[in-house]
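Now for the letters of each chain:
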Amino acid sequence: MASIFCCFRGCASFLDLGFATPTVPTKKQPVIALDQQQIGQEVVLVKDGTRICGTGGALGNTAIMQDKAYFEVRLQQSGVWGIGLGSEKADLNVIPMGNDADSWVMCSDGYLRHNKEEMHRITQLPQEGDTIGVSYNHIELNFYLNGQKLDCPFTNVRGQVHPAVYVDDGAVLDIVFENFVRDPPPGFDKIMAERSSLT
């Protein structure tokens, strides 16, 4: 009986008697990564836009539009680096970022910089292999070192911003937009693509 059913199923799909369920095409979700069009002149992006090396900065390919967003950066190789947020006006060729009004970054020397000011300083500096988490809720930009909140938020982030990273002096960073090593803080989730890019 089973062989008759299998034969009938094969014939039914060949003859299209209406028994087969039509497949509905699904739209592939855009991949969030670093943007090849928004990088410094001496930056190299590899691994499909998830690893940055060279010299300079890069922005993520989508702005943070949702209420509570989270991403991670893994410090693959030490050097000079920074992690945070930046607008499309941020100067991606100047190291360190944070020296203009359009970027807010935690730097490898422990300083949190914005608009040529050192806003905070962390004492526990990230090392090779560490994971730095970044959460943003349009009120505070917070950083986490291996899951522990650093309690040094930026509260002056304004405008439409993207994830931002920079490297120099041999630093290599991997930016992670999903499948996190650490759980995001409660209520925070991966960055979602803008609705306009989904249509």
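The structure we're discussing is the one just above.
Residues numbered from 1 in each chain as written. Predicted model: local features only at pLDDT ≥ 70, side-chain atom pairs only at ≥ 80, totals over all residues. Heavy atoms only, no water.

Visitor: Account for the overall build of the protein, naming residues and giving values.
Guide: For the protein, the count of helices and strands is 2 helices and 14 strands. A total of 199 residues make up the protein; the buried ones form 42% of that total. At a minimum sequence separation of 6, the contacts of the protein that also span at least 24 residues come to 65%. Per element, the accessible surface of the protein, about 11,100 Å² overall, is 50% carbon and sulfur. (Helix = DSSP H or I, 4+ residues; strand = E, 2+ residues; numbered from the N terminus. Buried < 20%, exposed > 50% of the residue type's maximum accessible area, 1.4 Å probe, protein only. Contact = heavy atoms within 4.5 Å. Areas by Shrake-Rupley, 256 points an atom, 1.4 Å probe, with all protein chains shown as cover.)

Visitor: Kindly report on the layout of surface pockets, identifying the contributing residues and their values.
Guide: Of the pockets and cavities examined, the largest pocket occupies roughly 340 Å³. Along its surface, the largest pocket is lined by 16 residues, and Pro-30, Val-31, Ile-32, Phe-177 and Glu-178 are the ones closest to its centre. No other element matches strand β13 (residues 172–176), which puts 3 residues into the lining of the largest pocket. Taken together, the residues of the lining of the largest pocket break down into 9 nonpolar, 2 polar and 5 charged. (1 Å grid on protein atoms, 1.4 Å probe; cavity = no way out; pocket = protein on both sides within 12 Å on 5 of 7 lines; lining within 4 Å. Points joined across faces, edges and corners; volume = space filled by probe spheres on them. Nonpolar A, V, L, I, M, F, W, Y, C, P; charged D, E, K, R; others polar.)

Visitor: Mind laying out the side chain of Ser-87, listing which residues take part and the relevant values?
Guide: Here Ser-87 lies in the loop between β5 (80–86) and β6 (103–107). Taking relative accessible area as the criterion, Ser-87 reaches 10% and is therefore assigned buried. Among all residues touching Ser-87, those that are not within four sequence positions of it are Leu-59, Asp-102, Gln-160 and Val-161.

Visitor: Requested: an account of the packing of aromatic side chains, with residues and values cited.
Guide: What describes a pair of aromatic rings is the distance from one ring centre to the other and the angle between the planes of the rings. In the structure shown here, the tally under the stated rule is 4 aromatic pairs. Plain terms: the ring middles of Tyr-70 and Phe-180 are 4.9 Å apart, the flat faces sit at 85 degrees to each other, and that makes the pair edge-to-face. Of this pair, Tyr-70 sits in strand β4 (residues 69–77) while Phe-180 sits in the loop between β13 and β14 (189–190); the two residues are 110 residues apart in sequence, bridging distant segments of the chain. For the pair shown, Tyr-70 and Phe-180 are each scored as buried. Ring geometry for Phe-143 versus Phe-154: centroids 6.4 Å apart, planes at 70 degrees, classification edge-to-face. (Phe/Tyr/Trp six-rings, centres within 6.5 Å; stacked < 30°, edge-to-face > 60°.)

Visitor: Run through the nonpolar core, naming residues and quoting values.
Guide: In this structure, Ile-52, Phe-71, Trp-81, Ile-83, Leu-141, Phe-143 and Leu-173 are the most contacted members of the largest nonpolar core, which totals 37 residues. Here this core gets 4 residues from one element, more than from any other, and that element is β4. If we skip the residues at most four places from it in the chain, Leu-141 touches Leu-85, Trp-104, Val-134, Ser-135, Tyr-136, Pro-153, Phe-154 and Val-157. The next biggest cluster of nonpolar side chains, apart from the first, holds 8 residues, and it includes Met-97, Val-105, Cys-107 and Ala-164. (Core = buried A, V, L, I, M, F, W, Y, C linked by side-chain atoms within 4.5 Å.)

Visitor: I'd like to hear about unusual backbone geometry, residue by residue, with values.
Guide: Residue Pro-96 follows Ile-95 across a cis peptide bond; omega there is 0 degrees. Even without being glycine, His-138 reaches a positive phi, approximately 70 degrees. By relative accessible area, which is 34% here, His-138 ends up partly exposed. Its identity is not glycine, yet Asn-146 carries a phi of approximately 50 degrees, on the positive side. Topologically, Asn-146 is positioned in the loop between β10 (141–145) and β11 (148–149).

Visitor: Residue-level account of the pattern of salt bridges, with values.
Guide: Once their charged atoms are close, side chains differing in charge can pair, the charge on each being opposite to the other. In total, this model carries 5 salt bridges according to the counting rule given. Salt-bridge contacts for Lys-47 lead to Asp-174; the nearest nitrogen and oxygen are separated by 3.7 Å. Linking Lys-47 in the loop between β2 (42–46) and β3 (51–60) with Asp-174 in strand β13, this pair joins segments that are 127 residues apart in sequence. In this structure, Arg-113 and Asp-109 form a salt bridge, with 2.7 Å as the shortest nitrogen-oxygen distance. One continuous salt-bridge network, built from bridges that share partners, spans Lys-47, Arg-51 and Asp-174. (Salt bridge = Lys/Arg side-chain N within 4 Å of Asp/Glu carboxyl O.)

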